[in-house]
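Read off the chains here:
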Amino acid sequence: MRKTLIAAGLVLATMSAAHAETPATNTMSNFSYDYAEARIGIDPLTYGGGFSMSIHPNAHITGSIDTRFKGDWDANVGVGFHAPVNNWADITGEIKALNVKNDRYNSAGGKMGVEVNLGVRQWLGPQFEVGGKIGHTTISDDDKVIGSITGRFHATELFSIGAEGKFNGLYGDQIILTTRFKL
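Reading the values: rules and limits
Residues numbered from 1 in each chain as written. Predicted model: local features only at pLDDT ≥ 70, side-chain atom pairs only at ≥ 80, totals over all residues. Heavy atoms only, no water. Salt bridge = Lys/Arg side-chain N within 4 Å of Asp/Glu carboxyl O. Helix = DSSP H or I, 4+ residues; strand = E, 2+ residues; numbered from the N terminus. Buried < 20%, exposed > 50% of the residue type's maximum accessible area, 1.4 Å probe, protein only. Pairing = 2+ DSSP bridges.

Visitor: Explain the pattern of salt bridges to me, and be specific about the residues and the numbers.
Guide: Note on pairing: side chains with opposite charge can pair once their charged atoms come close. Evaluated as defined, the whole model comprises nine salt bridges. With its nearest N and O atoms 2.5 Å apart, the salt bridge here joins R39 to E37. The salt bridge partner of D66 is R39, with a shortest N-O separation of 3.0 Å. Linking D66 in strand 3 (residues 59-67) with R39 in strand 1 (residues 35-42), this pair joins segments that are 27 residues apart in sequence. Via salt bridges that share partners, E37, R39, D66, R152 and R180 belong to a single interconnected network.

Here it is, written out as structure tokens:
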């Protein structure tokens, strides 16, 4: 029941953000959601990549994959919304389909699951961004609360570097170093 309510809330929030009839200056996001990303995780060492692409002024599709190259993976694809809170912050949310494989979920094609999350992105200055997410995953019969905090330095409009602390993910608590390239 709880998962149904969370998913329904995200769908309603996405629909209301998509159909809001306010001037364009009030509905434009404060961040770019069009990027390709390369990343390296620390403890355990993982390699990965991801993307995000806008499909509407307040919606985007996203996907990523991470692996240790030991017959494991953590892959996801989904759709999300983003809407400005003020001139310096956006609220975000996503619903994703997951496919994971590790020692615990060890079937030939991995195990399918779902993730729902809500987050915020905030400018601290003209080039520095911070953010956080909290979410819920369900894989097989395992339910988990997950979270992350991020910091990102935008060297130019086309390139940024960042660090992310992930909590309770497939690989446990992990620090991930990232580079993003605007599409």
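Visitor: How would you summarise the pairing of strand 1 if you had to cite specific residues and measurements?
Guide: By the alternation rule, side chains of strand 1 split into Y35, E37, R39 and G41, which are all buried, and A36, A38, I40 and I42, of which none is buried. Here strand 1 runs beside strand 2 (residues 46-56); their pairing, made up of seven bridges, is antiparallel. The partner of Y35 across the bridge, within strand 2, is S52. The antiparallel pairing of strand 1 with strand 2 creates a hairpin that spans three residues between the two strands, and D43 there sits at a positive phi of about 55°. Two strands pair when backbone bridges link them, and strand 1 and strand 10 (residues 172-182) are joined in this way by eight bridges, in the antiparallel orientation. Pairing of R39 across the sheet is with T178, part of strand 10.

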